[in-house]
Structures are given as structure tokens and as C-alpha cells.
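Structural features, examined
For reference, the chains in residue letters:
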Amino acid sequence: MPSKNIEQRVNLEISDGIAYVSLNRPDKCNALDILMFHAIRKTIKRLKADRSIRTVIVTGNGDDFCSGLDVKSVMSSTKGPLELLLKLLPWRANLAQYVSTGWREIPAPVIVVIKGRCWGGGLQIALGGDFRISTPDASISIMESRWGLIPDMGGTLALKELLRLDKAKELAMTGEVITGLQALEYGLVTYVDDEPFERAIKLAEIISQQSPDSIAATKKLYNRSWWSKPGLALLRESYYQIKILIGKNRAIKTYNQINQDKKAREFINRKNW
């Protein structure tokens, strides 16, 4: 698959430790074709490997975040669905699932900015983020049932953390379209704001004042322990804390906290988490 075509589907800019990721198919409402799936996976893997990244902000170019699967493009041959669904190990994410679950593996917070349509696969991608900031009038839906499909792009991992089971079933079985305000009420989004991108930058700047190792460890701890056995959660807390205590970023953060009247010391790149 031509690398140039893949890169055209997603824009990536990095500035002051913040990675700005933009889905880039605005003429198609950022609908997901095969190239878009590959582009998102490639972007996630690059961000996972970059230890200088402090936060990630994901947006969609144009008027919409993502209107979901480009059914006409993907379903035009049997090769498309197979490429998305094929996996060697049943418990690992396939290509379709990775564009949602992969964001959870990045050792930095991922903030998703939602505007316009966020339907089906678009919502699955958004659910992979750590935070979702939406406009009040955004159009949000688990829409797969309208195509005779089920939501199979990994968003189930987040839905079980965010929604009551009955509400998740209702949204998935009806394909109901809700607004950003309703999504906030249900717990699907973190904040609603008329200027969601600016709100995302403010949140990213606040997080960037903390130790990158502390942030990375917290994300990993909560993602792995939220539904695990209590003993495993306690084990991870102790192990991650020891790893942080012997690191330089903890000492830098302590110095900055104690000496707020002096120039803050710069953090170093985080450890491998």
C-alpha cells in the first residue's frame, strides 16, 4: 500500500510535546476507508515510540470528526472486510479494532475533539481516547445497527467503563443519534464546550506541567486495573511507584513544586511504559 497515500489520510504535527492528529478526508466527512485505517494505525505506532510526546489531541479536518465506515468503499470487495477483520491471535486487536484500542497503548493522554458527525466507527475511535471534548450540538451515534452490523472496532472496552449496560445496549440496538449535551449526560464525553479544540489545548497544557512518567504510569495503572482483581491493582500501584521514585522526572517535579518562585526545570523524556 503506497505510503504517500496513507499519509494523506491523517495529518500529524508535533509542537512543544503536543501531538496534533487530524483525520484528513474532509470531502467524505472523514469516513473510514482502508487507507484511513492504515494511516491511523501508522500514526498510533509512531506516537507510541516517541517518548518526547506529552499529550495527543485528535481532531477531524472539516466540519465533522468522522462519519464512520465508508461502507461503499470498504464493502465493494471481499478483500476490504477481510483486511480489517483478519487476526492471527483471537485476543489481539485486528486492524479495525486497533484504530480504537491503539490510543489506549500510547503512554500519554489522548484528547479527542468531537464536532459535527461522530458516527459508528468514528465514535469507536473517539472512545479510544482518554478524554473526549465535544461541541454541544455534535451528532453522536453507535450507528452500526443501521447497516446490519455490530460495533466491532474495540469501543466496547471503553463503553463498559463509561455507560450503564442498558444504555449501551439501547444506543447500539437503536442507532439513535444524540447530541454532545446528551452524550455528556450519559457519560460518553468528558466535557462539552463551544470551543472544544481550545479546551483540549488548555487540558493538554495543564497535564504537561506534570511529570511525564507520572502521567504515563497513571494511565497504564488505571487502564489495566480498573476492572482487574484488587490484588493486581495493588501490585501495579507499588511497582509503578517504585519505578517512578527512582526516575529523574519525579525529582524534577518535586523541585518545581517546592521552588515555584524559581524557573521551572525541564522534564526529560519519559521512561518506557
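Up top you'll find the structure we're talking about.
No experiment lies behind these values; they were computed from the predicted model shown. (Residues numbered from 1 in each chain as written. Predicted model: local features only at pLDDT ≥ 70, side-chain atom pairs only at ≥ 80, totals over all residues. Heavy atoms only, no water.)

1. Details of the packing of helix H2 (residues 34–49) against helix H5 (residues 95–105)
We apply this condition: Angular values range over 0 to 180 degrees, each being the angle between N-to-C directions of two axes fitted as lines to C-alpha atoms, with helices fitted over their stretch in contact. Per the convention used, a helix needs a DSSP run of H or I reaching at least four residues, while a strand needs a run of E reaching at least two, with both numbered from the N terminus. Between 65 and 115 degrees an angle is taken as roughly perpendicular, under 35 as roughly parallel, over 145 as roughly antiparallel, and anywhere else as oblique. Note on convention: near helix rotated counterclockwise from far helix by under a right angle means a left-handed crossing. Clockwise means right-handed. A contact between two residues is defined here by any heavy atoms of the two lying within 4.5 Å.
Close contact between H2 and H5 brings their axes to 9 Å; oriented N to C, the two are set at 25 degrees. With respect to their mutual orientation, H2 and H5 come out roughly parallel. Seen along the crossing, H2 lies across H5 with a hand that is left-handed. Mapping the contact onto sequence places Phe37, His38, Ile40, Arg41, Ile44, Lys45, Leu47 and Lys48 in H2 and Leu95, Ala96, Tyr98, Val99, Gly102, Trp103 and Glu105 in H5.

2. Things to note about the nonpolar core
Here is the rule we go by: Nine residue types can take part in a nonpolar core, namely buried Ala, Val, Leu, Ile, Met, Phe, Trp, Tyr and Cys, and a core is a set of them joined through side-chain atoms within 4.5 Å. Accessible area is worked out with a 1.4 Å probe on protein chains only. A residue is then buried under 20% of its type maximum, exposed over 50%, and partly exposed in between.
Core analysis: the largest hydrophobic core is formed by 50 residues, its most contacted members being Ile40, Val56, Phe65, Trp103 and Ile140. The element best represented in this core is H2, accounting for seven residues. Not counting residues within four places of it along the chain, the set of residues in contact with Ile140 comprises Ile114, Cys118, Trp119, Leu123, Ser134, Glu176, Val177, Ile178, Thr179, Gly180, Ala183 and Val189. Of all hydrophobic cores here, the second largest spans 10 residues; its members include Ile111, Ile133, Leu203 and Ile207.

3. Focus on unusual backbone geometry
Notably, Asp16 is not glycine yet its phi reads approximately 55 degrees, a positive angle. You can see Asp16 is positioned in the loop between strand S1 (10–15) and strand S2 (18–23). Judged by relative accessible area, Asp16 falls into the exposed class, the value being 76%. With a phi angle near 60 degrees, Cys29 is a residue other than glycine that sits in the positive phi range. Structurally, Cys29 is set in the loop between S2 and H2.

4. Things to note about the sheet that holds strand S4 (residues 110–114)
Let me state the cut-off plainly: Paired strands, as defined in this entry, are two strands with at least two bridges between them according to DSSP.
Here six strands make up an open sheet; going across it, the order is S1-S2-S3-S4-S6-S9 and the pairing mixed. Because the sheet does not close on itself, it has two edges, and the strands there are S1 and strand S9 (191–192). As paired elements, S2 and strand S3 (residues 55–60) share six bridges and run parallel to each other. Pairing of Ile18 across the sheet is with Thr55, part of S3.

5. Remarks on the sheet that holds strand S5 (residues 117–119)
Taken together, the three strands give an open sheet; going across it, the order is S5-S7-S8, and neighbouring strands pair in mixed fashion. Whereas interior strands pair on both sides, the edge strands pair on one side only; in this sheet they are S5 and strand S8 (178–179). As paired elements, S5 and strand S7 (residues 139–141) share three bridges and run parallel to each other. Paired with Cys118 across the two strands is Ile140, which belongs to S7.

6. Comments concerning the pattern of salt bridges
Defined as follows: We define a salt bridge as a side-chain nitrogen of Lys or Arg found within 4 Å of a carboxyl oxygen belonging to Asp or Glu.
In the structure shown here, the tally under the stated rule is 10 salt bridges. Linking Arg9 and Asp33 is a salt bridge whose minimum nitrogen-to-oxygen distance equals 2.7 Å. Remark: Asp33 occurs in the loop between S2 and H2 and Arg9 occurs in helix H1 (residues 3–9); sequence separation between them is 24 residues. Under the relative-accessibility criterion, Arg9 is labelled buried at 17%. Of the residues examined, Asp33 reaches a relative accessible area of 5% and is grouped as buried. In this structure, Lys219 and Asp130 form a salt bridge, with 2.9 Å as the shortest nitrogen-oxygen distance. Here Asp130 lies in the loop between helix H6 (121–127) and strand S6 (131–134) and Lys219 lies in helix H11 (residues 212–225), a separation of 89 residues in the sequence. Among the charged side chains, a network of salt bridges with common partners joins Arg9, Arg25, Asp33 and Asp70.

7. So, the pairing of S4
By the criterion of burial, S4 is predominantly enclosed, with five of the five residues buried. Because side chains alternate across S4, one face comprises the buried residues Val110, Val112 and Ile114, and the other comprises Ile111 and Val113, equally buried. With four bridges connecting them, S4 and S6 associate as parallel partners. Within the sheet, the bridge partner assigned to Ile111 lies in S6 and is Phe131.

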